[in-house]
There are 2 protein chains.
Amino acid sequence: MLKRIISGVVGIPLLFFIISRGDFILYFSVMAVAIVGLYEFYNAMKVKGLNPMTTLGYFISTGILMVFIYSRNDLLLFFLFITIITISGILLMSFKYTVIDGSITIYGVLYVTVFLGHIILTDKLENSAIIWLIFIIAWATDTFAYFGGFFWGKRKLCPEISPKKTIEGAIAGVLGSMFACGFFGYLFLSEYSITIIILGMVGSVISQAGDLTASQIKRYAGVKDYGNLIPGHGGILDRFDSILFTAPTVFYFYTLFIK
Amino acid sequence: MLKRIISGVVGIPLLFFIISRGDFILYFSVMAVAIVGLYEFYNAMKVKGLNPMTTLGYFISTGILMVFIYSRNDLLLFFLFITIITISGILLMSFKYTVIDGSITIYGVLYVTVFLGHIILTDKLENSAIIWLIFIIAWATDTFAYFGGFFWGKRKLCPEISPKKTIEGAIAGVLGSMFACGFFGYLFLSEYSITIIILGMVGSVISQAGDLTASQIKRYAGVKDYGNLIPGHGGILDRFDSILFTAPTVFYFYTLFIK
């Protein structure tokens, strides 16, 4: 717990600085987190005995994030083509890989890089306050679920995947996220307050699904944490597992219902 | 061989009719081939012991082809997000699937549906003659490689994947494709003759890679053919394995070097 507090004391102001500055400092940070996260995901798959095409994964991830940074989403399809063709080429050249290894390589790129890349897409939206909601939803959910579970937790949510989580904690997470989003919306996006509260609800459910998805992938691979980069938190994916899911949720919710 | 000739007598005029008409008759045909092809791909993976999320695969494939048909490529990213989120949801709800099953589901959609969908994108290009090159390259390569190998074939190309293919056949395939493309270019696209001959060369190599990729996936899965839909040819993927690869190749070659 102490390690987590120290990590927070360093991490939160750092994140605040990065998001406030936005633009290339933010883009570079997203790229760094995506590459390290992908490295951790591939490592977990290696523990399971798979053989992801890591170099290809990092190249394609960098390419896709560049596409996002330079707002050239029309090139995305071309990148997918190049990826599949390259995987086929690798499969034909080297028999140490299988089509399963190729598919897990792409899955990692979509799940980690493309999802996280939505932070960049959100930063490019006209309304510069929206990006904060990605982090507010994930952290309000996390914090309220933790304390909600601590004080009222009785019924297990899904003991097979995450033994400590409770239904009461999950509900507290959703309510906490709605409250935090409502408060933020009232301050900075007052014309959309109600919509932002609904986003707080939907986003919190998806945020918790993101957390559980990461736990399940780790259980499947047979690893406890994705790594040990952040003291008290494990790997970068252990810290960003919810953010992966809240980033596209906030982006699409905004483009569909607010913009 | 007789079965193949009969299939050809029915198949070639049918294809000629479908491409000449273009538009929705073509789009519907692409959709049918993609769904049946995906079904065959998933079946091969089931033989290997995997458990692809077939219903999700068909839904997403239909969605992506609709995106192509209505020229709404900007929605592609949103579809990828929905796919990954749905896979996560299925993984959390049902323990009979693993992240590997989810990733092979997506791989099938990209490899079969998205690749084949480039026929639709090519049909929408301004120059309506280009679409024929997708089929000319694949079939000229196939035919010339067959006879080239038959008459001059000595050295094996890659006996582990496809025991009958020879280097001489592969070269004859490339030359035949260049010749066929050159002839077609001379008749219908005379201002780009040289470029089309180069496309014939590049496309033929990729076409043969497509053929070998399909063989390798089948070998990996432990099936001889993808199915028995077309007499003498096996499944629809056995017949369209090269087309899968020539469709995006022709499309991107045109948009990059001709348009």
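### As for the packing of helix H1 (residues 2-21) of chain B against helix H2 (residues 23-47) of chain B
Residues and elements named next belong to chain B.
Turning to step 1, where the next piece is worked out: Packing of H1 against H2 brings their axes to within 6 Å, and their N-to-C directions diverge by 125°. The angle between H1 and H2 places the two elements in the oblique class. Across the interface between the two elements, Phe17, Ile18 and Arg21 from H1 touch Asp23, Ile25, Leu26 and Ser29 from H2.
Turning to step 2, where the next piece is worked out: The residue makeup of the contact of H1 with H2, split by class, is four nonpolar, one polar and two charged.

### Quick word on the side chain of Glu40 of chain B
Residue and element names in this part refer to chain B.
Turning to step 1, where the next piece is worked out: As for its position among the elements, Glu40 is in helix H2.
Turning to step 2, where the next piece is worked out: Lys218 is the oppositely charged side chain nearest to the buried, salt-bridge-free Glu40, at an N-O distance of 8.6 Å.
Turning to step 3, where the next piece is worked out: Separated by 2.8 Å, the side chain of Glu40 and the backbone nitrogen of Ile236 make a polar contact.
Turning to step 4, where the next piece is worked out: Apart from residues no more than four positions distant in its own chain, Glu40 is found in contact with Tyr226, Gly227, Leu229, Gly235, Ile236 and Leu237.

### Some details on the nonpolar core
Turning to step 1, where the next piece is worked out: Phe41 of chain A together with Phe41 of chain B are the most contacted members of the largest nonpolar core, which totals 161 residues.
Turning to step 2, where the next piece is worked out: Once residues lying within four places of it in the same chain are set aside, the contact partners of Phe41 of chain B are Ile104, Tyr107, Gly108, Tyr111, Val112, Ile217, Tyr226 and Leu237 of chain B.

### A closer look at the interface of chain A and chain B
Turning to step 1, where the next piece is worked out: Opposite the 44 residues of chain A that make contact, chain B presents 44 residues.
Turning to step 2, where the next piece is worked out: Together, the buried faces of chain A and chain B total about 3900 Å²; carbon and sulfur atoms form 84% of this surface.
Turning to step 3, where the next piece is worked out: The three residues of chain A that bury the most area against chain B are Leu77, Leu92 and Tyr107 of chain A, which together make up 17% of that side's buried surface.
Turning to step 4, where the next piece is worked out: Joining chain A to chain B, the criterion identifies seven residue pairs in polar contact (both at pLDDT 80 or more).
Turning to step 5, where the next piece is worked out: Going through the elements one at a time, helix H4 (76-93), helix H5 (99-123), helix H8 (193-221) and helix H9 (236-258) of chain A are the ones with two or more residues in the side of chain A that touches chain B.

### A closer look at the relation of the copies chain A and chain B
Turning to step 1, where the next piece is worked out: Of the transformation placing chain A onto chain B, the axial shift is 0.0 Å and the rotation is 180°, giving an RMSD of 0.0 Å. Look at the turn and shift together and you get a two-fold axis relating the two. Taking the C-alpha atom as reference, chain A places Ser103 of chain A closest to the rotation axis, 2.7 Å from it.
Turning to step 2, where the next piece is worked out: A symmetric contact is evident, with 100% of the interface residues of chain A recurring at the interface of chain B.

### Quick notes on the packing of aromatic side chains
Turning to step 1, where the next piece is worked out: Counted under the stated rule, the structure contains 39 aromatic pairs over all chains.
Turning to step 2, where the next piece is worked out: An angle of 25° between the planes, with centres 6.3 Å apart, marks the rings of Tyr107 of chain A and Tyr111 of chain A as stacked. Here Tyr107 of chain A and its partner Tyr111 of chain A are both found in helix H5, four residues apart, which amounts to about one turn of the helix. Each of the two residues, Tyr107 of chain A as well as Tyr111 of chain A, counts as buried.
Turning to step 3, where the next piece is worked out: When the ring of Phe251 of chain A is compared with that of Tyr252 of chain A, the centres are 5.1 Å apart and the planes differ by 80°; the resulting orientation is edge-to-face.
Turning to step 4, where the next piece is worked out: Residue Phe251 of chain A is classed as buried on the basis of its relative accessible area of 13%.
Turning to step 5, where the next piece is worked out: What links up through ring pairs into an aromatic cluster is the set Phe41, Tyr42, Tyr58, Tyr107, Tyr111, Phe115, Phe245, Phe251 and Tyr252 of chain A together with Phe78 and Phe81 of chain B.
Turning to step 6, where the next piece is worked out: The ring centre of Tyr220 of chain A lies 4.3 Å from the NZ or CZ of Lys48 of chain A, which sits over that ring.

Basis of the calculations
- Residues numbered from 1 in each chain as written.
- Chains lettered and ligands numbered in written order.
- Predicted model: local features only at pLDDT ≥ 70, side-chain atom pairs only at ≥ 80, totals over all residues.
- Heavy atoms only, no water.
- Axes fitted to C-alpha atoms, helices over the stretch in contact; angles between N-to-C directions.
- Helix = DSSP H or I, 4+ residues; strand = E, 2+ residues; numbered from the N terminus.
- Parallel < 35°, antiparallel > 145°, perpendicular 65-115°, else oblique.
- Contact = heavy atoms within 4.5 Å.
- Nonpolar A, V, L, I, M, F, W, Y, C, P; charged D, E, K, R; others polar.
- Buried < 20%, exposed > 50% of the residue type's maximum accessible area, 1.4 Å probe, protein only.
- Lys, Arg positive; Asp, Glu negative; His and termini not counted.
- Salt bridge = Lys/Arg side-chain N within 4 Å of Asp/Glu carboxyl O.
- Polar contact = N/O pair within 3.5 Å; in protein donor to acceptor, adjacent residues only side chain to side chain.
- Core = buried A, V, L, I, M, F, W, Y, C linked by side-chain atoms within 4.5 Å.
- Buried area = accessible area lost by both parts, 1.4 Å probe.
- Least-squares fit on C-alpha atoms with pLDDT ≥ 70 in both.
- Phe/Tyr/Trp six-rings, centres within 6.5 Å; stacked < 30°, edge-to-face > 60°.
- Lys NZ or Arg CZ within 6 Å of the ring centre and 35° of its normal.

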